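# Close look at the chain arrangement
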Amino acid sequence: MLDYEQISRLWLGWIAAASWQLALLVCLVAGIAHLAQTASPRLRHALWLLVLAKACLPPAMTSPVSIGRWGVSPLLSAVGASELGSGGATGTNQQLESKARESERNAAGSARATPKSTSRLDWRAMRSLSPELLFGLWIAGACLFWITVGARYRRLLRTLRAATLIDEGPVRISLERIAIGLRLSHTPELLAAELIASPFLIGLFRPRIVLPQALLAEIDDVKLRSVLTHELVHWKRYDAWLGWLQTLAQSAFWFHPFLWWAFGRLRHERECACDEAVLRQGSVMRDEYGEAIVRVLTSLRGRSLVEGGMIGVFERGSNLQNRLEEIMNFESSERQFGWKSRLVVAALAIGLLPMAPAGDPHTSAVAQAPAAAPAQGARSATPQIVKTVPKRGATGVDPKLNEVTVKFDRDMSDGMSWTGGPPLFPPLEESRKARWTDRRTCILPVKLEPAAYYRLGINSSSYQNFRSRQGVAAVATALYFTTAGASEEIEDRVKVPAIVSLEPAGGAEDVSPNTKSLRVTFDRPMGEGMSWTGGGESFPKPPAGETAHWSDDGLTCTLPVSLEPDHDYRIGLNNERYNNFQSKWGVPLEPVVYKFHTKTAE
C-alpha cells in the first residue's frame, strides 16, 4: 500500500506534467481558434473541446506524429543541453530505451521518491515546497471547489422544489412539437420558477427545462418557441453531460488560470454552436431568434441562482454582442461543419493531445556531446556511486540478502528513483520501506530468490530523484547480479557486452567517402536501444529519411551516414549520460570512442 507521502510525490509528477501541457495546448488552440473566426462555431467549439479532452487524459501520452515528439522533445533536448554546461557541440544521439526499461517503476513501491515528470522539465519552484504540503493544498482547493458547487446546486434544487410543473397547455404542446421536429425520443419536463432570471436546462438522467415565471408573462409565442428550441438543442447535443465533465476537470485544475480562461471560451462557443444549430434546423428565423436572445438576456432584473454557479452545467453566458453578430450573419449555405472540418479537428487531436516528450524505442533526439573530464583533483558536480551491495555484475549472491544498498560520494536529497520493471526487478519486502540510513546511503528492502538474475536502475531518463543536496541528478546507472545456484547460462547475463567488429574498422585512415552506413557487431544479442553520441563536424550527417536499426538477431546495429571526403570522424557508442547500447538483459556497453578518416574524393 502506498502511504500519503508516496501518493503526494506521485501526484506532484502528474500535476506538473499535466499543467504545463494544458497551458501549451490552450495557447495553441487559442491561436487556431482566432484564425477560424469566420468558420462555423461548431468548429471552434470542437477545438476548445480538445482542451477538455486533454484535461481528462494522462499527461504521459505520446505518439510518433504528436507535438510531444516533433516539438517538445527538441525543445527539451536544447534545454537539457544548456543545463549540462559542457560547451561541446551538439550532434545526433539515437537514444532508444530497451524493453527491459519500458515498464519503469519509481522507487519500486514503498520508496520515498519524487517522480520526475515525463516532460523532464525542472519544476524547481514546486520542488522547493514539500510535495505533501502541495498535495494537501490541492485537496483543500478541490474540496472548497466542490463545496461551492454543491452549495449552489442545493440552493437551486430548493428553488426548483417550489417551481410549477407545466404538463399541459399551449407552452407544453409547443415544447413537444419542437422535440418531435428535432427527433428527440424523450421530451424534458417543463418547469416555471419565480426566482430564476434566465432559462436553463438541468439534469442528466431526468432533464428539465426551467423558465422564469416573469418571462412566460411577458414574452410572445414566437420568442418563446426560440427559447424552447435553444434549450432542446442543448439537450440533443449532450451539452449538459459535457458541462459536468468540464466541472470535474476544473475541480482537478482549480488553480490553473489558463484552464479557467479556456473553459470560458468553451462555454461561449457552446452557446454559439447551439445558436447555429437552432437556425440551421429552420423552424426559427434569425431575426426572431436574435430578438428572443436579447429579450431573455436583457429584460430581467436581479441575479439568477444559476448565474456563474454551476460552471458550464447551466451556463447562459457568452458575450451578447458576439452572439448576436453570429446570429445575424448566419447563412445556411455557408460555414458548414463538414468532413473537411472534422478531418482538421481529428488531425489536431492526433497531433496535439499526446504531448509527452518522446520516450518510445524509436525516438531520435538531439543530445549534448560528453562533457570534458574534470581537471585533476577537481570534484565532479555529478553525484558518483562509490559502493553498491551487491556489486555490479556480481554472481553467486546469497539469496538471503534482504537489502540492496547504494552509497554516494556526497550528501544527497531525500528523493530516490529505483527504476525498472518485472521480471528483472527484484521483488520487494513490502513490510519495510526504502530509506536513507544517512545522507549518502540508500537501502531498498528486497526478497531474492536463488538461481535468479536481477537488474534494477538507479535513476533513469524519466525518473531522476537520486539528487545531490544541490539538486544535481546522479547519472542513470544499472545494478545487475545473479544469486547463488544460477546456471552458467544465467550467470552469462551479467557480462558486459563487447564489440566484435566495426565497419569501417576503428582507426582506419582510408575509408571511402561513398560508405553509406556504419556497422557495429556485438558478442551477444542486444536490446532495442542504442546511443550513437557525439557532435559537431566530427559526427557524420544522417541521410534524410533513414534511421539506425538492428539486425534480426540483435547482434549488429547499422547507422546510415553521409560522409565527406578527407574528413576526420569521431563517434561515441554510449557515454556518461546516454548508455542505451545494452545487452538484452540490460547490461550497458562500456563507452567506446570510434574514430576513422575518409580518403580524398574518388
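Residues numbered from 1 in each chain as written. Predicted model: local features only at pLDDT ≥ 70, side-chain atom pairs only at ≥ 80, totals over all residues. Heavy atoms only, no water.

### Regarding the overall build of the protein
Convention followed: Per the convention used, a helix needs a DSSP run of H or I reaching at least four residues, while a strand needs a run of E reaching at least two, with both numbered from the N terminus. Throughout this description, buried means an accessible area under 20% of the type-specific maximum (1.4 Å probe, protein chains only), exposed means over 50%, and partly exposed covers the range between. Throughout, a residue-residue contact means that at least one pair of heavy atoms, one from each residue, lies within 4.5 Å. Accessible surface area values rest on a Shrake-Rupley calculation with a 1.4 Å probe, where residue burial reflects the displayed protein chains alone.
Broken down by element type, the protein carries 14 helices and 21 strands. Of all 602 residues assigned to the protein, the portion counted as buried reaches 52%. When contacts within the protein are restricted to residue pairs at least 6 apart in sequence, long-range pairs at least 24 apart make up 77% of them. With an accessible surface of roughly 28100 Å², the protein has 56% of that area assigned to carbon and sulfur atoms.

### Considering the sheet that holds strand β17 (residues 532–533)
Put simply, the rule reads: Should DSSP find at least two bridges between two strands, the strands are regarded as paired.
Taking strand neighbours across the sheet as the criterion, the 3 strands line up as β17-β20-β21 in an open arrangement whose pairing is antiparallel. Each of the sheet's edge strands pairs with one partner strand only, and the pair in question is β17 and β21 (592–597).

### Some points on the sheet that holds strand β12 (residues 441–445)
The 4 strands lie next to each other as β7-β9-β12-β11, forming an open sheet whose pairing is antiparallel. Edge positions in the sheet fall to β7 (385–389) and β11 (435–436), since each has one partner strand and no second. As defined by bridge partners, β11 adjoins β12 across 2 bridges and the pair is classed as antiparallel. When the bridges of β12 are listed, Arg435 appears paired with Ile443.

### As for helix α6 (residues 170–181)
Definition in use: Expected span, for any helix, means 1.5 Å times one less than how many residues it has. Working note: the arc is built from the helix axis to C-beta atom directions.
A rise of 1.5 Å per residue sets the reference length of α6, with its 12 residues, at 16 Å; its end C-alpha atoms lie 17 Å apart and thus fit the reference within 8%. By the burial criterion, the buried members of α6 are Val171, Arg172, Leu175, Ile178 and Ala179. Burial along α6 is one-sided: seen end-on, the buried residues are contained in an arc of 125°. The exposed set on the far side of α6, more than 90 degrees from its buried face, consists of Pro170, Arg177, Ile180 and Gly181. Turning to α6, the residues buried within the fold contact β3 (189–193), β5 (208–212), α7 (213–218) and α8 (221–236). Within two residues after α6, Arg183 carries a phi angle of roughly 60°, on the positive side.

### With respect to the packing of α8 against helix α10 (residues 257–280)
Spelled out, the test is: Each axis is a line fitted through C-alpha atoms, taken for helices only over the stretch in contact, and angles between the N-to-C directions span 0 to 180 degrees. Here is the rule for angles: anything less than 35 degrees is roughly parallel, anything more than 145 is roughly antiparallel, 65 through 115 is roughly perpendicular, and the remaining ranges are oblique. Crossing handedness follows the turn of the near helix against the far one: under a right angle anticlockwise gives a left-handed crossing, and clockwise gives a right-handed one. For this scheme, ten residues count as nonpolar: Ala, Val, Leu, Ile, Met, Phe, Trp, Tyr, Cys and Pro. Four count as charged, namely Asp, Glu, Lys and Arg, and the remainder, Gly too, count as polar.
Between α8 and α10, the shortest axis-to-axis distance is 9 Å and the interhelical angle comes to 115°. In terms of orientation, α8 and α10 fall into the roughly perpendicular class. For the pair α8 and α10, the sense of crossing is right-handed. Listed contacts from α10 to Thr229, His230, Val233 and His234 of α8 are Arg270, Glu271, Cys274, Asp275, Ala277 and Val278. In terms of residue class, the contact of α8 with α10 is built from 4 nonpolar, 3 polar and 3 charged.

### Considering the side chain of Glu276
Put simply, the rule reads: Definition of a polar contact: a pair of N or O atoms within 3.5 Å, with one able to donate and the other able to accept a hydrogen when the atoms are protein atoms, and with sequence-neighbouring residues admitted only if both atoms are side-chain atoms.
Within the secondary structure, Glu276 sits in helix α10. A polar contact is formed between the side chain of Glu276 and the side chain of Ser40, at a distance of 2.9 Å.

### Digging into a positive patch on the surface
Under the convention used in this document: What goes into a patch is any residue over 30% in relative accessible area without a salt bridge, connected to like charges within 9 Å or, for nonpolar side chains (Val, Leu, Ile, Met, Phe, Trp, Tyr), within 5 Å. Within this document, salt bridges are pairs made up of a side-chain nitrogen of Lys or Arg and a carboxyl oxygen of Asp or Glu, the two lying within 4 Å of each other. When charges are counted, neither His nor the chain ends are considered; positive counts come from Lys and Arg and negative counts from Asp and Glu. Just so you know, the charge point we use is NZ for Lys, CZ for Arg, CG for Asp and CD for Glu.
A contiguous patch of positive charge, built from Arg152, Arg154, Arg155, Arg158 and Arg161, is present on the exposed surface. The residue Arg158 is located in helix α5 (residues 131–161) in this model. Since its relative accessible area comes to 45%, Arg158 is described here as partly exposed.

### So, the environment of Pro542
Mapped onto the fold, Pro542 is located in the loop between β17 and β18 (549–550). Among the residues examined, Pro542 registers a relative accessible area of 45% and is labelled partly exposed. Remark: the alpha-carbon pair of Pro542 and Leu563, spanning 21 residues in sequence, is separated by 8.9 Å.

### Some thoughts on the packing of aromatic side chains
This is how it is decided: Stacked, tilted and edge-to-face are the three classes assigned to paired rings of Phe, Tyr and Trp, where Trp is represented by its six-membered ring and a pair needs centres within 6.5 Å; plane angles under 30 degrees give stacked, over 60 edge-to-face, the rest tilted.
Summed over the entire model, instances satisfying the criterion amount to 24 aromatic pairs. Between the aromatic rings of Phe145 and Trp146, the centroid separation amounts to 5.8 Å while the plane-to-plane angle is 85°, which identifies the pairing as edge-to-face. For Trp146, a relative accessible area of 32% puts it in the partly exposed group. Between the aromatic rings of Tyr153 and Trp244, the centroid separation amounts to 5.9 Å while the plane-to-plane angle is 75°, which identifies the pairing as edge-to-face.

### Some remarks on the confidence of the model for the protein
Detailed conclusions should not be drawn from predicted coordinates in areas where pLDDT is low. For clarity, the cut-off: One number per residue, pLDDT, summarises how confident the predictor is, and it ranges from 0 to 100.
On average, the protein scores 79 in pLDDT, and the residues at 70 or more come to 78%. Low pLDDT, under 50, characterises residues 301–318; the predicted model gives this stretch 51 contacts beyond four residues in sequence or across chains. Predicted confidence for residues 359–378 stays below pLDDT 50, and this span has 41 contacts to residues more than four positions away or in other chains.

### Some words on unusual backbone geometry
The amide bond that connects Val389 to the next residue, Pro390, takes the cis arrangement and shows omega of 0°. Looking along the chain, the bond that leaves Pro422 and enters Pro423 is cis, with omega of 10°. Residue position: Pro423 is located in the loop between β10 (418–419) and β11. Even without being glycine, Ala451 reaches a positive phi, approximately 55°. Residue placement: Ala451 occurs in the loop between β12 and β13 (453–458). By relative accessible area, Ala451 is classed as partly exposed at 33%. Even without a glycine there, the phi angle at Asp566 is positive, about 50°.

### Quick word on the packing of helix α9 (residues 239–252) against α10
Direction vectors running N to C along α9 and α10 enclose 175°, while the axes themselves pass 11 Å from each other. One way to sum up the angle between α9 and α10 is to call them roughly antiparallel. Contacts from Asp239, Gly243, Gln246, Ala249 and Gln250 in α9 reach Leu259, Trp260, Phe263, Leu266, Arg267 and Arg270 in α10. Tallied by class, the residues present in the contact of α9 with α10 amount to 5 nonpolar, 3 polar and 3 charged.

### Observations regarding the pattern of salt bridges
This model, assessed by the stated rule, comprises 16 salt bridges. The closest approach of N and O atoms between Arg44 and Glu269, which form a salt bridge, is 3.1 Å. Of the two residues, Arg44 sits in helix α2 (residues 41–56) while Glu269 sits in helix α10, which places them 225 residues apart along the sequence. For Arg44, a relative accessible area of 0% translates into the label buried. As a salt-bridge pair, Asp523 and Arg524 come within 3.4 Å of each other at their nearest N and O atoms. On the accessibility criterion, Asp523 (39% relative accessible area) is partly exposed. Assessed through its relative accessible area of 12%, Arg524 is described here as buried. The network of salt bridges with shared partners includes Asp492, Lys495, Asp523 and Arg524.

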